[in-house]
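An overview of the molecular structure
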Amino acid sequence: MGLWNTEKCPICGKETNALGKSAIKKDNSYICRNCFLKLTSSGINTSNIKELSVEELNDIVNGNKKTDDIKEYDMKTAEGMYQFCVDNGFGQGMTKSWGVKHFQLIADNLKNEEKVLIAFIGLHNYISATKHDNNFAYVLTNKRFMMAQKKLVGEAFQTVSLDNINDITFESGIAFGIVTVDTIKEKFNIALDKYSAKNISNRLHEELDNLKRISYNINNNQMSVADEIKKYKELLDMGAISQDEFEKKKKRLLNL
Ligand SMILES: [Zn+2]
């Protein structure tokens, strides 16, 4: 057990750790994110995955591979994030050069351990077709939601930690779809074309669920370590084990 222990994907057989897994289990092990993305991009949803056999899923993953290989994007770079948006239909902004400039702000602010999961471009603080703050670049990372806009003069940059996101909702209008990111402090309405908005909202939910599952696992792990240490402390207090033995056990549990 443990967060970084690997597990085999039931479809492709590749070893993955918690960050590489999707939230969907098949035959008692988690499907890797790569296979999961290949399936969803072939129009397979989570209930299909539950219904289909591993062999059938494997055929879909491999059949899909022939037609369009899932591109690996360098999501640490502005160009990689921009290309991800274009290929997924997640908004393009006015021009490529502006799109890349917005994402550059995000790339510059990424921390070492931070991983960009989704990137998209939309109209920020959308009220109506003429009332909004123009195009922003957005990303969801494993740590936070980031919003950035490069202007002719200056820039706008804001982040919300995942703990402060209440919900992400989607509403469809005539031409636009609105993704609303509801945070503890404020709400951000982001407009995109209807189809992209719905897809992005779904993807954001999937990724957030996945992150919740990971942090749940981490917390559970920490809880059991604390419990174990407590148990040995009691044994020590009872005189059943020596101080030396206790320290050894503790060190091992804390991976020191
Ligand atoms: Zn896989």
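The coordinates are above.
The structure contained in this document is the topic of the report that follows.

So, how was this worked out
- Residues numbered from 1 in each chain as written.
- Predicted model: local features only at pLDDT ≥ 70, side-chain atom pairs only at ≥ 80, totals over all residues.
- Heavy atoms only, no water.
- Helix = DSSP H or I, 4+ residues; strand = E, 2+ residues; numbered from the N terminus.
- Buried < 20%, exposed > 50% of the residue type's maximum accessible area, 1.4 Å probe, protein only.
- Areas by Shrake-Rupley, 256 points an atom, 1.4 Å probe, with all protein chains shown as cover.
- Core = buried A, V, L, I, M, F, W, Y, C linked by side-chain atoms within 4.5 Å.
- Contact = heavy atoms within 4.5 Å.
- Salt bridge = Lys/Arg side-chain N within 4 Å of Asp/Glu carboxyl O.

1. Side note on the overall build of the chain
Looking only at helices and strands, the chain features seven helices and eleven strands. Taken along its principal axes, the extent of the C-alpha atoms in the chain is 75 × 45 × 30 Å. The 256 residues of the chain split such that 38% are buried. In the form shown here, the chain has an accessible surface area of approximately 14800 Å², with 50% of it arising from carbon and sulfur atoms.

2. Remarks on helix 4 (residues 78-88)
The α-helix advances 3.6 residues per turn, and as a result positions three or four apart in sequence lie on the same side. A78, G80, M81, Y82, F84 and C85 are the residues of helix 4 that are buried. The first or second residue beyond helix 4 is G89, which carries a positive phi of 65 degrees.

3. Details of the nonpolar core
Residues M81, F103, F120 and F145 are the most contacted members of the largest nonpolar core, which totals 43 residues. The element contributing the most residues to this core is strand 5 (residues 116-123), with six residues. Discounting residues that sit within four places of it in the chain, F120 has contacts with C85, F90, F103, F136, A137, Y138, F145, I190, L192, I200 and L204. In terms of nonpolar packing, the next biggest core, distinct from the first, is built from twelve residues, C9, C35, F36 and I49 among them.

4. Some words on the pattern of salt bridges
Summed over all chains, the structure comprises eight salt bridges. K21 serves as the salt-bridge partner of E7, at 3.4 Å between the closest nitrogen and oxygen. Of this pair, E7 sits in strand 1 (residues 7-8) while K21 is found in strand 3 (residues 21-26), placing the two residues 14 residues apart along the sequence. One salt bridge in this structure joins E155 and K150, with 3.7 Å as the shortest N-O distance. According to the relative accessible area criterion, E155 is partly exposed, its value standing at 48%. Salt bridges here are not isolated pairs; linked through shared partners, they connect R33, R203 and E207.

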